Amino acid sequence: MFDNLSTKLDKAFKNLKGQGSITEINVATTVKEIRRALIDADVNFKVAKEVTDEIKNKSLGQDILISVSPGQMLVKITQDELTSLMGGTQENIVLEGNPAVILIAGLQGSGKTTFTGKLASRLKKEGKSVMLAACDIYRPAAIDQLKVLGEQVGVEVYAEPENKNAVEIAQKAIAEAKAQNKKVVIVDTAGRLAVDEQMMNEIAAVKDAIQPSETLFVVDSMTGQDAVNTAKTFNDRLDFDGVVLTKLDGDTRGGAAISIRKVVEKPIKFISYGEKMDALDVFYPERMAQRVLG
Ligand code: GDP
């Protein structure tokens, strides 16, 4: 489905023979190819332009190495740029408090509940005792889904199907976890199909009341360019701490990772790549840069 960028760039560089360094003229064509590759990978157009302008500045005047092709060299410069744009290094979640509270937010269908189960499983494997709080008060099916996942990974789920007050459920779950000496509570909240004022107010109220040490925004990587707008809206309201990029097992290059990091300036902390409970990994910027460029 995707052409190899390095080969494309080598073609664009075919007139370069005999020149000792990358010049203004030959970089212009190649930068266009890189920009197209980024947009194909779902990187936001504006972000792709900023990135390629930066790459252009960095590559001008660089000596062409004998050992690699100019295309490979530009791909390397681009990969390094994308890696640093995504924060350079892997960032962990913050678990503070007794119990530590993690709040999960995102649109309906983004993979919030699935991720909540996966994170619980991961923390449990690290030896931490975990409780899940089912605060999606609108969809009874969401509570059932969380219960099924909780059972699957062996973690208790606190739910009150008759209670329509998400703040109260979250607070009671935390009190219960404290009484049981659990170390971490993960609060799964309600999402909507699109951003909606009432949903935002509700999640903001939950966050205010429970003061989580980590608020994670979950976003479907397949939503491409829309992912950035959603991330921005959630961040403006919630000031979240990190992003979870889901459905990377689908056929997206994952360019949303770059746009989101650049636009909201928050680190991506986890990637989810399947429906199984172990299809979760921490986020490595370098690996994602390689994936985006292919
Ligand atoms: P929520 O509404 O945000 O809680 O989303 P869910 O966790 O219910 O996920 C919505 C759908 O996407 C479900 O069918 C999940 O099984 C599926 N899903 C969640 N995460 C992933 C993932 O990483 N990869 C794939 N392929 N499917 C996922």
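Since the model is a prediction, treat every value here as computed from it, not as a measurement.

(A) Layout of the packing of helix α8 (residues 197–210) against helix α9 (residues 225–238). Their axes nearest at 10 Å, the elements α8 and α9 cross at an angle of 45°. One way to sum up the angle between α8 and α9 is to call them oblique. Judged by the twist between their axes, the crossing of α8 over α9 is right-handed. Here α8 contributes Glu197, Met199, Met200, Asn201, Ile203, Ala204 and Lys207 to the contact with α9, which in turn contributes Thr233, Phe234, Arg237 and Leu238.

(B) Structural view of the site of the ligand. Lining the immediate surroundings of the ligand are 17 residues, of which Gly109, Thr113, Thr114, Ser272 and Glu275 lie closest. One of the backbone N or O atoms of lysine 112 is found 2.8 Å from an oxygen atom in the ligand. Computed on the free molecule, the ligand has an accessible area of 570 Å², of which 80% lies beneath the protein chains in the complex. Given that more than half its atoms are within 2 Å of the pocket grid, the ligand belongs to the largest pocket. Per element, the largest residue contribution to the shell around the ligand is 4 residues, and it comes from helix α5 (residues 112–125). Considering only residue class, the shell around the ligand consists of 2 nonpolar, 9 polar and 6 charged.

(C) How the structure looks around the pattern of salt bridges. With the rule as written, the count across this model stands at 18 salt bridges. Note that aspartate 196 and arginine 192 form a salt bridge whose closest N and O atoms lie 3.6 Å from each other. Residue aspartate 239 is joined to lysine 266 by a salt bridge in which the shortest nitrogen-to-oxygen separation is 2.7 Å. One end of the pair, aspartate 239, is in the loop between α9 and β6 (242–246); the other, lysine 266, is in the loop between α10 (256–264) and β7 (268–272), and 27 residues separate them in sequence. The class of aspartate 239 is partly exposed, set by a relative accessible area of 47%. Here the salt bridges do not stand alone but share partners, grouping Arg35, Lys49 and Asp53 into one network.

Calculation criteria
Residues numbered from 1 in each chain as written. Predicted model: local features only at pLDDT ≥ 70, side-chain atom pairs only at ≥ 80, totals over all residues. Heavy atoms only, no water. Axes fitted to C-alpha atoms, helices over the stretch in contact; angles between N-to-C directions. Helix = DSSP H or I, 4+ residues; strand = E, 2+ residues; numbered from the N terminus. Parallel < 35°, antiparallel > 145°, perpendicular 65-115°, else oblique. Left-handed = near helix turned anticlockwise from the far one by under 90°. Contact = heavy atoms within 4.5 Å. Near = heavy atom within 4 Å. Polar contact = N/O pair within 3.5 Å; in protein donor to acceptor, adjacent residues only side chain to side chain. Areas by Shrake-Rupley, 256 points an atom, 1.4 Å probe, with all protein chains shown as cover. 1 Å grid on protein atoms, 1.4 Å probe; cavity = no way out; pocket = protein on both sides within 12 Å on 5 of 7 lines; lining within 4 Å. Sits in = over half its atoms within 2 Å of the grid points. Nonpolar A, V, L, I, M, F, W, Y, C, P; charged D, E, K, R; others polar. Salt bridge = Lys/Arg side-chain N within 4 Å of Asp/Glu carboxyl O. Buried < 20%, exposed > 50% of the residue type's maximum accessible area, 1.4 Å probe, protein only.

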